[in-house]
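# Breakdown of the fold
These are the residues of each chain, in order.
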Amino acid sequence: MSAAVPAGPAPGGPTTLLVIAKEPLPGRVKTRLTPPYAPAEAALLAEAALTDTLRAVRAMPACRRILVLDGRPGPWLPPGFEVLPQCAGGLDERLAAAFAACTGPALLVGMDTPQLTPGLLAPALGPAGWQGCDAWFGPAADGGFWALGLAEPWQPGLLRGVPMSTATTGAVQRRRLVAAGLRVRDLPELLDVDTAADALRVAEAAPGSRFAAAVERLGRRVPAPRDPVREPVRELSREPSWKPADVPLSPGGGGRPCRRAN
């Protein structure tokens, strides 16, 4: 269940919290939910997931709270957040640029896990969160990652060049951290909302969330079964059987040119 939002942001801590997200507009977010959801309905689910995520982050201790946004802020943005535009380039470049905007420890999450609660990130944000630890890693069930924390976020080489939106993105990213000599601690695995089936499972895992209420309001839907007669047969040697997800941490393309860290 999503955490209740206090009257103001939670007291400060040593860590900057980043949320990387797309403006929830029809046709630009959660495209893998269509079908069975219409683009406007998928955007409503995306807005609910983003709202839950921002409310949870607002309830966590942080020295800064930053929304790294592709698009423009809307009424779903609560007070207490700085807004930075996403830079141009691939997801690895955009993540690196987001961390480069921080000084001191920083922890980034996406908008695809509305089941996020302050308790899930408590080990990283507590008084001992960075003692004997250089990085926090939150694996996603689809092979990506939903959270990444760095004690020294100005190291762009930790992210640039990592292949994104694949079933091995998380494993490659974690190996990159370890290979750099960082002491890595793991957070619980979470399920990203990419498909209609994911939406149902996440809504069940967060029954008091806005996301669960939106799923209930729109109706529990699953995609129609595929017709194997009508679908072309894939040749695994020519075309991979998997399809890239939106991205493990749910950002979008576009934005302003990157500024490399000094």
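Our subject is the structure that appears above.
The sections below set out a description of the structure shown in this document. Keep in mind that this is a model prediction, so the values were computed, not measured.

This next bit is on the side chain of Asp198. Within the fold, Asp198 resides in helix α5 (residues 196-205). Here Asp198 is buried and forms no salt bridge, its nearest opposite-charge partner Arg201 lying at an N-O distance of 4.9 Å. Setting aside residues no more than four positions away along its own chain, Asp198 makes contact with Leu191, Asp192 and Val193.

Two aromatic rings are characterised by how far apart their centres lie and by the angle between their planes. Under the counting rule described, the total for this entry stands at one aromatic pair. Consider the rings of Phe137 and Phe145, whose centres lie 5.7 Å apart with planes at 45°: the pair is tilted. Taken individually, Phe137 and Phe145 each receive the classification buried, so the pair is uniform in this respect.

Another aspect to go through is the sheet that holds strand β6 (residues 145-150). Strand pairs in the sheet, formed through backbone hydrogen bonds, run parallel or antiparallel to each other. Strand order in the open sheet formed by seven strands is β3-β2-β1-β4-β6-β5-β7, with mixed pairing between adjacent strands. Pairing within the sheet leaves two strands with one partner each, and these edge strands are β3 (82-85) and β7 (184-186). Sheet twist, expressed as the mean angle between neighbouring strand axes with direction ignored, is 20°. Of the strand pairs in this sheet, strand β5 (residues 135-139) and β6 are connected by five bridges, and their pairing is antiparallel. Residue pairing in the sheet places Ala135 in a bridge with Leu150 of β6. Strand contacts of helix α2 (residues 91-100): β1 (16-22), β2 (64-70), β4 (106-109) and β6, with the helix running at about 140° to β4, the strand carrying the most contacts.

Criteria and cut-off values
Along every chain, residues carry numbers that run from 1 in the direction the sequence is written. Two thresholds apply to this predicted model, a pLDDT of at least 70 for residue-level local features and 80 or more for giving and counting side-chain atom pairs, whereas whole-chain, interface and lining totals are computed over all residues. The side-chain values count all of the structure's non-hydrogen atoms but skip hydrogen atoms and water molecules. The way it works is that DSSP assigns letters per residue, a run of H or I at least four long becomes a helix, a run of E at least two long becomes a strand, and they are numbered from the N terminus. The classification of residues rests on relative accessible area computed with a 1.4 Å probe and restricted to protein chains. Under 20% of the type maximum is buried, over 50% is exposed, and intermediate values are partly exposed. His is not counted, nor are the chain ends; Lys and Arg add positive charge and Asp and Glu add negative charge. Throughout this description, the term salt bridge denotes a Lys or Arg side-chain nitrogen within 4 Å of a carboxyl oxygen of Asp or Glu. By the convention used here, residues are in contact when the closest approach between their heavy atoms is within 4.5 Å. Ring pairs shown here join Phe, Tyr and Trp side chains whose ring centres sit within 6.5 Å, with only the six-membered ring taken for Trp; geometry is labelled stacked below 30 degrees between planes, edge-to-face above 60, and tilted in between. Strands qualify as paired when DSSP identifies two bridges or more between them. The angle between two axes is taken between their N-to-C directions and runs from 0 to 180 degrees, where each axis is a line fitted to C-alpha atoms and a helix contributes only its stretch in contact.

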